Each structure stands twice: as C-alpha cells, then as structure tokens.
Amino acid sequence: MKLTIIGCGYLGATHAACMAELGHDVLGMDADMDKVRVLNSGKAPFYEPGLDDLLAKHTASGRLKFTASYAEAARFGELHFIGVGTPQQAAENAYDLTHLFSAIRRLATHLLGPAVVAVKSTVPVGTAAHVAKILEESAPAGGKVQVAWNPEFLRESSAIEDTLRPDRLVLGFDSEQSWGEAVLRQCFRKIIEAGTPTIVTDWATAELAKTSANSFLATKISFINAMAEVCEATGADVHELAEILGHDVRIGRSGMRPGLGFGGGCLPKDLRGFLARAGELGVDRALTFLHEIDAINNGRRERMVALVREQLGDTLASRRITIWGAAFKPGTDDIRDSPALAVAQGLHELGATVTVSDPKALDNARKHHPELGHVEDPVAAARGADLLLHLTEWPQFRHVDPERLARRVRTAKVIDGRGTLDLGSWRRAGWTVRALGRA
Ligand code: UGA
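Since this is a predicted model, take the numbers as computed values, not measurements.

Peer 1: Can you walk me through the overall build of the protein chain in this structure?
Peer 2: Across its full length, the protein chain holds 19 helices and 14 strands. Its C-alpha radius of gyration of 23 Å places the protein chain within 12% of the 22 Å reference for a compact globule of 439 residues. Projected onto its principal axes, the C-alpha coordinates of the protein chain cover approximately 70 × 50 × 40 Å. In the protein chain, which comprises 439 residues, the proportion classed as buried is 55%. Here the contacts in the protein chain between residues at least 6 apart in sequence split such that 73% fall between residues at least 24 apart. Looking at the protein chain as shown, the accessible area adds up to about 18,800 Å², and 50% of this sits on carbon and sulfur atoms.

Peer 1: Please clarify how the site of the ligand should be interpreted in this entry.
Peer 2: Around the ligand there are 21 residues in total, and L154, E156, K210, N214 and R257 lie nearest to it. A distance of 2.8 Å separates an oxygen atom of the ligand from a polar side-chain atom of N214. At a separation of 3.0 Å, an oxygen atom of the ligand approaches a polar backbone atom of M256. For the ligand, whose accessible area on its own is 710 Å², the fraction buried by protein is 90%. Mapped by element, the contributors of at least two residues to the shell around the ligand are α10 (203–234) and α12 (267–281).

Peer 1: Would you mind going over the pattern of salt bridges with me for this structure?
Peer 2: A side chain of one charge can pair with a side chain of the opposite charge if their charged atoms are brought near each other. Scanning the entire structure with this criterion turns up 27 salt bridges. One salt bridge in this structure joins R185 and E181, with 2.9 Å as the shortest N-O distance. Here E181 and R185 lie together in helix α8 (residues 179–187), a separation of four residues that amounts to about one turn. Among the residues examined, R185 registers a relative accessible area of 32% and is labelled partly exposed. Exposure remark for E181: the relative accessible area of 18% places this residue in the buried category. With a shortest N-O distance of 3.7 Å, E393 and R257 are connected by a salt bridge.

Peer 1: Sorry, what's going on with unusual backbone geometry here?
Peer 2: Most peptide bonds take the trans form, and the phi angle of most residues other than glycine is negative. Phi at S157 is positive, roughly 90 degrees, even though this residue is not glycine. The topology assignment puts S157 in the loop between β6 (145–149) and α7 (159–164). The partly exposed category is assigned to S157, whose relative accessible area is 26%. The phi angle at S318 is positive, at roughly 75 degrees, despite the residue not being glycine. Note on placement: S318 falls in the loop between α13 (289–312) and β9 (320–324).

Peer 1: Please explain the side chain of K269 as it appears in this structure.
Peer 2: Relative to the assigned elements, K269 resides in helix α12. Among the residues examined, K269 registers a relative accessible area of 11% and is labelled buried. Within the local environment of K269, its side chain forms a polar contact with the backbone oxygen of T86, the two atoms lying 3.0 Å apart. Apart from residues lying up to four places away in sequence, K269 is in contact with T86, P87, Q88 and Y95.

Peer 1: Where do I start with the packing of aromatic side chains in this structure?
Peer 2: Aromatic ring pairs: the centre-centre distance and the angle between the two ring planes describe each pair. One pass over the full model with this rule turns up five aromatic pairs. Taken together, a centroid distance of 5.0 Å and an interplanar angle of 15 degrees make the contact between W324 and F397 stacked. Taken as a pair, W324 in strand β9 and F397 in helix α17 (residues 395–398) lie far apart in primary sequence, 73 residues in all. For W324, a relative accessible area of 0% corresponds to the buried category. Overall, the relative accessible area of 1% leaves F397 in the buried class. Clustering of aromatic rings is evident, with ring pairs tying together W324, F397, W426 and W431.

Analysis parameters
Residues numbered from 1 in each chain as written. Predicted model: local features only at pLDDT ≥ 70, side-chain atom pairs only at ≥ 80, totals over all residues. Heavy atoms only, no water. Helix = DSSP H or I, 4+ residues; strand = E, 2+ residues; numbered from the N terminus. Rg over C-alpha atoms; globule rule 2.2 N^0.38 Å. Buried < 20%, exposed > 50% of the residue type's maximum accessible area, 1.4 Å probe, protein only. Contact = heavy atoms within 4.5 Å. Areas by Shrake-Rupley, 256 points an atom, 1.4 Å probe, with all protein chains shown as cover. Near = heavy atom within 4 Å. Polar contact = N/O pair within 3.5 Å; in protein donor to acceptor, adjacent residues only side chain to side chain. Salt bridge = Lys/Arg side-chain N within 4 Å of Asp/Glu carboxyl O. Phe/Tyr/Trp six-rings, centres within 6.5 Å; stacked < 30°, edge-to-face > 60°.

Note that every value here comes from positions in space, so none of it alone points to a role or purpose.
Shown next, in the form of structure tokens:
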C-alpha cells in the first residue's frame, strides 16, 4: 500500500519505518525541514534502539521517504496516519491540540478524493468527532474522507518491537460498515495474521483505550511506590514485596518496578489530560484518584531530595552531587518530565553543584539544563563527589566497579533510586548505602 504518516517524532518516525518494514511504500511528513533532512539521510533525529538501521534500510530501498509538504503527502496515497504531538498545555492540565487540528486542516485542503485519516495521537475522548468535522468542512473530498481512530501503545526504547508485534490493535470507526476498516486491515495484514488481537470499536472507546491504559500503568507504578514509603517506615523491602505481589497472576509483575516514579512525554501528561477531560464531562469524581497517583509520583522526587539532605545535611551549597541518569528511563534520549533531571534541578536550586551522567541523553540535558554539569563517563562524572545518586537504571551503571569508584569520590555515599544496583557489593566496597523503598 501507499501510505503517509503526518508528524515524525518518536511515534511517527518509528511508525513510518515499521510500515516500510511491513512492505508498504511510505511517505513521512513533518513540518520541520531539519528533521526531514536527517530522516531522509536514513537516521533518526533521536535515539531509539534499532531505528537508525530500519530507517537506513528503507530509505535505501526507496520504500521510505520524508517530506515537509502537505500537498505531496495528500497526493501520495489514500491512507494517512496522524502522529503529531499533543503535549500538556503550558498552564493547564488539558492537552494542547493545536498541532493536531492544524495538521488536520492543512492536510484536508489537499484531499481531493476518498481517503482514510487514521489518527494515532493521544487525545481527550471526543476529539475524533471534532477531527471528522474539520475534514468534512475543509476537505474538497468532503464526506469521502473517513476518520479512523488507531491508538498507539508503543513504548520508547522498545518502539519497533511494540509496533511490529503489538499486544493488540485497536481500530475505531463511527459506523459499523466502514470501508476504512478494510483499508486498515489491509495495512496491518501481517500483524493481524500473526494472531494479534484486533478490536474494532467506536471512536470514543478507541480514544479512551489509550488514556485509560496509560492511567492504569501510572496507577500500578504509584501503587508500588506508595508501598515503598510504607516499606521505608517499617524496615520492609519493596523490591521483594513487588516480587511477591507479582506472582499473583491477577496482579502481575510487569510494569510494577518501584523507584523514583514515572516521567516521560506520556504517562504524566495523559493522567492530567484525562482528569481535565473528566472535569469537562462532569465525571471528575470518578477519576479523583488520579490526582493522588500524580501526587504519589511527585512525592518520590521530594523523598529523594529529603534523603539527600539526610545524607549531606540541610546546607547543600559547596556540596558536589553526581547523578547517574538524565533520560526519563533507560533506552532513550528523551528527557521530557525526567524524574532524574527534576531531582537534579531541585538539588541545584538548593545550592548543590550537580553533575549528570547519561549514555544517550546528555546532549538534550545540556540543551535544557545548562545549569548542571554534564559528563558522559559515569566514573569521571563522580570524581570528587560527596554523594552519588542512581536515578535512571541504565545497565551501564550496574557494571561500574564500586571499589574503583570509591577511590574517585570525596565521600563514598550512594542512594539507589531505582533498586537495580547490587547494594551488597557497594557496601562491601566501603560505601554508605541508602535506597528508595528499603530501610
Ligand atoms: C508509555 C506506555 O507504556 C506506552 O504503552 C504508551 O504507548 C506510551 O506511554 C505513550 O503514551 O506514547 P513510555 O512513556 O515510553 O510508554 O514509557 P514506560 O516504559 O511506560 O515508562 C514510563 C515511566 O514509568 C518511566 O519513567 C519509567 O521509568 C517508569 N516506570 C515504568 C516505572 O517507574 N516502573 C515501571 O514498572 C515501569
């Protein structure tokens, strides 16, 4: 098939490359010319494992191209995926849908014949109807343009695998006899034939599938992090507790790693956007608990700062703190709402000299947090430190020898915010050890 994807960020660029991998002819469209240039050279403008290889393979095979022109995208094919960002509004909890509506309007004016517009962006429930109205009013093809809602569940750091072998496909339409369904089934034929559960539903359910999934994932994380607080107060160990709970198949172990909590461009924003939408719909009481999920999450960052003060005293001026981790999680260079950087910034504001180390996200950290020191090598970053914080669980950090590191720092004190360091070996190497969720 010939298809396009409008908006080539983490979602769109990955989707474009994966659709080419499925055998389609793909045109990615993004308004940012620099991004288009980089993508056309077969590289991703961000770090995602395996994506450079896939982009290189398919830009070379001729199956994948990128453009900054809406007109070219509209002419290219009859299936248009929309993957533009829907961030949180600056001073509100609600989603900022400006980019989405603007992309739909600009594409619409060039749609001369039948087309399916399949939206993947995360939105408040009710947006599909609005998108359909814009298309009906602005597209020359009018009612011949169909809207499909196709939420995307990929995780950064496993985005390719999640796209090519998803847990489920969700296709939302406004009527039961939609020819758009046949188009999308053809597009995802290989994925469907591999046995992927495929749920065809209405627009609202498809929209809700995404915000409610992210809210559930956030709830699971905040639940175990609330238990972590209880563990700290009682001498229990939250990591062992998570394992015990996780063996109950009704609870499950995955997505329940305790630690510094969730960040990124999705979970925090989707919780808040969902709450804002529930308020508009008059069902805010049903979701009040999500405020608490958000508060527990932010509380872990505050708890980390409190642990630092417990270790170094209240006066942090002239103290040197090294933070391992800048990305919001391992396997990405994305620093949006990064728990590690929130803690780094908080400590900097309290007067500490903070140096961060990260294998992939240092350029982004440098750009957005010039007030911090930035050193890629985790051992060099810790030189002269009074305290080391482990805040993003990159595997590289686990392999640093604590004995060698003890010789570089000023004081051998470490706080593990992610629970993945082998604290026994750190203690044996002379470190004073603290951890979230452990006495
Ligand atoms: C999340 C969802 O997992 C995806 O299904 C969804 O498609 C995506 O948002 C989106 O809306 O686009 P992502 O933000 O890439 O994906 O990352 P996750 O792996 O879910 O992690 C989110 C945050 O939670 C990270 O900061 C991570 O460190 C934290 N986390 C995750 C935990 O603290 N504990 C866990 O057990 C899992």
